[in-house]
Amino acid sequence: YLSNFFGHILFAKKPEEMDPRYKGWKLDTLPILDDLVYQYSTGSNGTETQGHLLKTLAEQSDAIVNACDPDREGEGIFRNWLKHECIELPVMRLWAPSLAQSDLHESWQKMKPSSEYDHLGEAQTLRAYSDYAVGMNSTRGYTVQAGGQLLPVGRVKTATLSLIVTRDREVEGFVPSSSYKLSGVWGGLPFDLVDGPAEKAD
């Protein structure tokens, strides 16, 4: 059987879906960390149909070939689904650098047991949990402090926004300045005398 993953078959549950204590956003319930087990649920945007198909095909198979994207996230998406569906079958990993016929053929000949990529699966789990924990706790904390105005915080989004804002402020606060460079020879030795920022003197 042959089928495909598309997007994310599973989605991380929100804290309030796992524990009613977290339905209201309050500072005294933060941080939400060790008391919650990172859980997934099927999506409601059409991905659940594909997830059901994959499970049905797996139940009719003796082994599975994981041909998801050859990277940390591709590995994690597959493993999360496998664990969520409680599927216990031998798994081989097809690590194809491209979809070119020659690359696919070579990768098929060089498939390895999924266990050889356990480190990638673990890395994705840690990345996903840290993103979830930082984003979910920080978003709730800042939103409550702001009186209820939603202030989403994320590992990538917030850092990128900070870079943009910092650079924008540097441009707005730019003050023109002059720089002079005097070049000459003193006692047979060449010299440069710079007055002002050296990078502007050339």
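Here the structure is shown first, and the text comes after it.
As the structure is a prediction and not an experimental result, all values here were calculated from the model.

1. Examining the overall build of the chain
1) Next: The secondary structure content of the chain amounts to six helices and seven strands.
2) Next: Listing the helices and strands of the chain from first to last along the sequence gives β-α-β-α-β-α-β-α-β-α-α-β-β.
3) Next: Against the compact-globule benchmark of 17 Å for 202 residues, the chain has a radius of gyration of 27 Å, which places it well outside the compact range.
4) Next: When the backbone C-alpha atoms are referred to their principal axes, the chain occupies close to 90 × 55 × 30 Å.
5) Next: Across the 202 residues of the chain, 26% fall into the buried class.
6) Next: Excluding contacts between residues fewer than 6 apart, the proportion of contacts in the chain whose partners are at least 24 apart in sequence is 59%.
7) Next: Carbon and sulfur atoms provide 58% of the accessible area of the chain, an area that totals close to 14,100 Å².
8) Next: Between the averaged position of the 20 positive side-chain charges in the chain and that of its 28 negative side-chain charges there is a distance of 4 Å.

2. Considering the packing of aromatic side chains
1) Next: All told, the structure shown has two aromatic pairs when counted by the stated rule.
2) Next: Ring centres 5.1 Å apart and planes at 10° place the aromatic pair Trp95 and Tyr117 in the stacked group. Placement of the pair is Trp95 in the loop between β4 (91-93) and α4 (101-109) and Tyr117 in the loop between β5 (112-113) and α5 (118-145), with a sequence separation of 22 residues.
3) Next: By relative accessible area, which is 12% here, Tyr117 ends up buried.

3. A short note on the pairing of strand β7 (residues 189-195)
1) Next: Buried residues are scarce in β7, accounting for zero of its seven residues.
2) Next: In this sheet, β7 lies alongside strand β6 (residues 180-186) in antiparallel orientation, the contact comprising seven bridges. In the strand pairing of β7, Tyr180 is matched with Asp195.
3) Next: Hairpin connection of β6 to β7: two residues between the antiparallel strands, including Gly187 at a positive phi of 60°.

The rules behind the values
Residues numbered from 1 in each chain as written. Predicted model: local features only at pLDDT ≥ 70, side-chain atom pairs only at ≥ 80, totals over all residues. Heavy atoms only, no water. Helix = DSSP H or I, 4+ residues; strand = E, 2+ residues; numbered from the N terminus. Rg over C-alpha atoms; globule rule 2.2 N^0.38 Å. Buried < 20%, exposed > 50% of the residue type's maximum accessible area, 1.4 Å probe, protein only. Contact = heavy atoms within 4.5 Å. Areas by Shrake-Rupley, 256 points an atom, 1.4 Å probe, with all protein chains shown as cover. Lys, Arg positive; Asp, Glu negative; His and termini not counted. Charge placed at Lys NZ, Arg CZ, Asp CG, Glu CD. Phe/Tyr/Trp six-rings, centres within 6.5 Å; stacked < 30°, edge-to-face > 60°. Pairing = 2+ DSSP bridges.

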